[in-house]
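Take a look at the letters that make up each chain.
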Amino acid sequence: MDRIRIRGGRPLKGEIKISGAKNAALPLMTTCLLTDEQVRLDNVPDLADINTMTHLLVQHGVEVMTRLAGRDRSILLNGQNITDTTAPYDLVRKMRASVLVLGPLVARHGEAKVSLPGGCAIGTRPVDLHIKGLQQMGAEIELAEGYIRAYAPKGLHGAEINFAKISVGATENLLMAATLAKGETQLINAAREPEINDLAHCLISMGAKIEGVGTNHLKIQGVERLHGTTHRVVADRIEAGTYAMAAAITGGELELLGIGHDLIGSALASLSQAGVTCTETERGLKIARANGALTGVDVMTEPYPGFPTDLQAQMMALMATAEGASMITETIFENRFMHVPELTRMGANINVHGASAMVRGVKRLTGAPVMATDLRASVSLVLAGLVAEGDTILNRVYHLDRGYEKLTQKLAACGAEIERLTEAAAE
Ligand SMILES: CC(=O)N[C@H]1[C@@H](OP(=O)(O)OP(=O)(O)OC[C@H]2O[C@@H](n3ccc(=O)[nH]c3=O)[C@H](O)[C@@H]2O)O[C@H](CO)[C@@H](O)[C@@H]1O
Ligand SMILES: C=C(OP(=O)(O)O)C(=O)O
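Residues numbered from 1 in each chain as written. Chains lettered and ligands numbered in written order. Predicted model: local features only at pLDDT ≥ 70, side-chain atom pairs only at ≥ 80, totals over all residues. Heavy atoms only, no water.

Caption draft 1: Representation of the UniProt feature "binding site: UDP-N-acetyl-alpha-D-glucosamine" (unreviewed entry) in the protein in the model. UniProt records the feature "binding site: UDP-N-acetyl-alpha-D-glucosamine" (unreviewed entry) for Arg-96, Arg-125, Pro-126, Val-127, Asp-128, Leu-129, Asp-310 and Ile-332 in the present numbering. Looking at the secondary structure, you find Pro-126 in the loop between β7 (111–115) and α5 (128–136). Among the residues examined, Pro-126 registers a relative accessible area of 59% and is labelled exposed. Inspection of the secondary structure puts Asp-128 in helix α5. (UniProt positions renumbered as here; feature names shortened; annotations may be inferred. Helix = DSSP H or I, 4+ residues; strand = E, 2+ residues; numbered from the N terminus. Buried < 20%, exposed > 50% of the residue type's maximum accessible area, 1.4 Å probe, protein only.)

Caption draft 2: Geometry of the site of ligand 2. Around ligand 2 sit Lys-22, Asn-23, Ile-122, Arg-125, Asp-310, Arg-336, Leu-375, Arg-376 and Arg-402, and those are all the residues in its vicinity. Here Asp-310 contributes a side-chain N or O atom positioned 3.2 Å from an oxygen atom of ligand 2. Between an oxygen atom of ligand 2 and a side-chain N or O atom of Arg-402, the distance comes to 2.8 Å. Here ligand 2, which alone exposes 290 Å², has 87% of that area covered by the protein. Across the shell around ligand 2, the residue classes break down as two nonpolar, one polar and six charged. (Near = heavy atom within 4 Å. Polar contact = N/O pair within 3.5 Å; in protein donor to acceptor, adjacent residues only side chain to side chain. Areas by Shrake-Rupley, 256 points an atom, 1.4 Å probe, with all protein chains shown as cover. Nonpolar A, V, L, I, M, F, W, Y, C, P; charged D, E, K, R; others polar.)

Caption draft 3: Structural view of the packing of helix α4 (residues 102–109) against helix α6 (residues 168–179). It is at 7 Å that the axes of α4 and α6 come closest, and there the two elements cross at 15°. Relative to α6, the element α4 is oriented roughly parallel. For the element pair α4 and α6, the recorded crossing hand is right-handed. Here α4 contributes Leu-102, Gly-103, Pro-104 and Ala-107 to the contact with α6, which in turn contributes Asn-173, Met-176 and Ala-177. Each residue belonging to the contact of α4 with α6 can be placed in one class, and the counts come to five nonpolar, two polar and no charged. (Axes fitted to C-alpha atoms, helices over the stretch in contact; angles between N-to-C directions. Parallel < 35°, antiparallel > 145°, perpendicular 65-115°, else oblique. Left-handed = near helix turned anticlockwise from the far one by under 90°. Contact = heavy atoms within 4.5 Å.)

Caption draft 4: Highlighting the UniProt feature "modified residue: 2-(S-cysteinyl)pyruvic acid O-phosphothioketal" (unreviewed entry) in the protein. The UniProt record marks Cys-120 with the feature "modified residue: 2-(S-cysteinyl)pyruvic acid O-phosphothioketal" (unreviewed entry), using the residue numbering of this structure. As for its position among the elements, Cys-120 is in the loop between β7 and α5. Given the relative accessible area of 33%, Cys-120 is considered partly exposed. When near neighbours in sequence (up to four residues on either side) are disregarded, Cys-120 contacts Arg-96 and Arg-125.

Set out below in structure tokens:
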């Protein structure tokens, strides 16, 4: 297995082009199941999760073509001939977002058999809200042998769905299903992450009738059919937030290209409070901590527009080197502190009490061999490695490949001493 070696202590300086968002591209790819015309997505990141979704769609019978034009990667999807409506365990197990084929398949093809995703390193992550919403829209659902089997041979109908809990995935699944249901669907207490807005705009360009985009109350009038489209994937706010924290932790200065303040306002507010300068430029955002120490700030994760859970681990690495204490509270996932023991091995002073972690800043972190447990936990260890004294060796790099395009190249181009050791070299 590949590893990453980092020698810490170099302030990052330069510019980084922010890629298209993984969490937008994945649901956008499944829109091809809603139409028999071509869906073309531009600005698609080159990531393991995108490959997994491609495999899943191909298994359903979708024709997928990838095109490169300079640095822009496009995917052309044609779902005219769906031959198989099963999402098998092996693919869903690899990537939970596979469950996003459920809504589109039932809505347009009247049936789907999708493996239950089960839990993962960050929590139990049930899909009850997806299932309940589809049942309200008239789908018959049975759970057997680890699979969700959903049937709606006569199509779905509109419903008023009031989510008991805010869920990004359930909002996306039901939004897609509702575009082809008969009548009106209301999604109340819906999630309103920028990736959901991106999905809604793509669906509207395919002929869907959606009101309330950007709010927590979506109204969808079902249509008979959707047509093809070309859509550009929104920038990855989590990747941008990660590099903003990389600039801050190393005391460097980075310009993040193609990302606006609007997408990561809450994270930038916390960074500003901690003493990091965040300025909008014509091309994106400039992040700098040229002088002075970081100050500890308290952070609580919340659904958008609150501080994103997907930046919590990175913020914790940053706070581990700040002056004073910081309380980091995780409210979205029950087990998203797997990075704590690894950061502690690098010298961080962190105590977890239930859903909160008390981080007391230390003067220095030290390099160590560390183990990645999930995507964002892994990148928090990369951030810690960038500032630690000595070498950090990160194992289980495949977690990073799920969500960070060209991570080592992007950081190395800004002065980081970081390299990927391929399996043979890593021995
Ligand atoms: C591919 C993708 O976009 N992944 C993101 C998505 O995950 P995902 O869509 O899985 O996350 P959700 O917003 O659904 O989960 C939020 C909370 O709701 C719970 N829940 C969810 C569904 C359900 O049916 N029942 C239920 O109880 C979850 O266990 C969790 O505690 O949003 C998360 C929260 O911003 C992010 O961390 C993930 O990066
Ligand atoms: C948790 C994440 O992804 P997923 O929902 O695909 O596990 C993430 O992107 O941080």
